[in-house]
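# Architecture at a glance
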Amino acid sequence: YKLADEIRAEVAVKNYRNAINNSYAHRRMNLTIDEVLESGILAYPLRRLEVADGSDGAVAVLIASEEAARKLTDTPIWIRGVGWSVDHYFLGDRDLLEVVSLREASERAYKMSGIRYPRKQIDLAEICETSTVQELLWYEGLGFCNRGEGGRLIADGVTEMYGELPVNPSGGVLATNPYVARGLIRVAEATLQLKGEAGRRQVPDAETAIAHSTHGAAGSHHTVIVLGR
């Protein structure tokens, strides 16, 4: 798609800037695009600040029946939809730009939750991006835009903290990457947002959110959960 380096760098700038408001975040920085691009090649064309570092951390989520949830809290958050899918393990059998398993997982979660227009019906997304280019690909796989248009979303500010569809107000995995816990952290972060307990990283009036996790080589496994108040 002839994606400019500066577009990928903007993903890192956004997420590290969001992380400044998250006391749990590992990497919190107010960077310029040039600083990201000058951070040194890690694996061409990705620079070091475009790829998640290793972090330490843990998370716990309490899941209960509706009856029990209403007794435990005045602000329960409901699981509206769940989708899970896995693609071929062998990279030679996959088109890595297609993100088939993410499209399937998101379609299942959206169907279960009654979401037809994700960009319009979702108030925020916490997604599992281990690199800047993955965040752009996941925009497409989650149905936020058409194939090849992920770069346009970040360039137009759609996924900024106060954009049309904020993505990773917590800073995401680029900012905090405890490997085993990082997927469930997306659920916890989305839940805090919907409960209005996200502090300085709070997205106003959030009613519906998605939490996304990926695992396996180049995003072979994907899970999408739709949460709502």
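Residues numbered from 1 in each chain as written. Predicted model: local features only at pLDDT ≥ 70, side-chain atom pairs only at ≥ 80, totals over all residues. Heavy atoms only, no water.

### Looking at the pattern of salt bridges
Close approach of charged atoms lets side chains of opposite charge pair. The following threshold applies: In the sections that follow, a salt bridge refers to a side-chain nitrogen of Lys or Arg positioned within 4 Å of a carboxyl oxygen of Asp or Glu. Residue burial is assigned from relative accessible area. The probe radius is 1.4 Å, only protein chains are included, and a residue is buried under 20% of its type maximum, exposed over 50%, and partly exposed in between.
In total, this model carries 15 salt bridges according to the counting rule given. Between D87 and R94 there is a salt bridge, with its nearest N and O atoms 3.8 Å apart. A relative accessible area of 13% means that R94 is categorised as buried. Where salt bridges share partners, they join D5, R8, R47 and E50 into one cluster.

### Observations regarding the pairing of strand β5 (residues 208-215)
To be explicit about the condition: Working definition: helices are DSSP H or I runs of at least four residues, strands are E runs of at least two. Numbering for both runs from the N terminus. Here, a strand pair is defined by DSSP locating no fewer than two bridges between the strands.
Summarising burial for β5: 6 of the 8 residues are buried, a large majority. Across 3 bridges, strand β4 (residues 124-126) lies against β5 in parallel orientation. Bridge pairing links A125 to I210 in β5. Linking two consecutive strands that pair antiparallel, namely β5 and strand β6 (residues 221-228), is a turn of 5 residues; a positive phi of about 90° is found at G216 within it.

### Looking at unusual backbone geometry
The linkage connecting Y44 with the following residue, P45, adopts the cis geometry, with an omega of 5°. By the element assignment, P45 lies in the loop between β1 (41-43) and β2 (46-47). Even without being glycine, K2 reaches a positive phi, approximately 55°. Tracing the chain through its elements places K2 in the segment before α1 (5-19). Although it is not a glycine, A218 sits at a positive phi angle of roughly 55°. On the secondary structure map, A218 appears in the loop between β5 and β6.

### A word on the sheet that holds β4
What counts here: Axis lines are fitted through C-alpha atoms, for helices just across the contact stretch, and the angle between N-to-C directions can take any value from 0 to 180 degrees.
Strand order across the open sheet formed by 4 strands is β3-β6-β5-β4, with mixed pairing between neighbours. Whereas interior strands pair on both sides, the edge strands pair on one side only; in this sheet they are β3 (78-86) and β4. Strand-to-strand, the axes of this sheet are offset by a mean angle of 15°, without reference to chain direction.

### Topic: the nonpolar core
Selection criterion: Each nonpolar core is a collection of buried residues, namely Ala, Val, Leu, Ile, Met, Phe, Trp, Tyr and Cys, held together in the definition by side-chain atoms within 4.5 Å. The contact definition used throughout considers only heavy atoms, calling two residues in contact when any of these lie within 4.5 Å.
Counting residues in each nonpolar core, the largest one holds 38 residues, and the members touching the most others are Y110, Y139, L142, F144 and I210. Breaking this core down by element, the ones donating at least two residues are α1, α2 (33-37), α4 (100-113), α6 (132-141), α7 (150-155), α8 (172-175) and β6. Ranked by the residues each element gives to this core, the list is headed by α1, at 7 residues. Apart from the residues lying within four places of it in its own chain, the contact partners of Y139 are K14, I127, F144, C145, G150, L153, I154, T159 and V167. The next biggest cluster of nonpolar side chains, apart from the first, holds 12 residues, and it includes V187, V203, A206 and I225.

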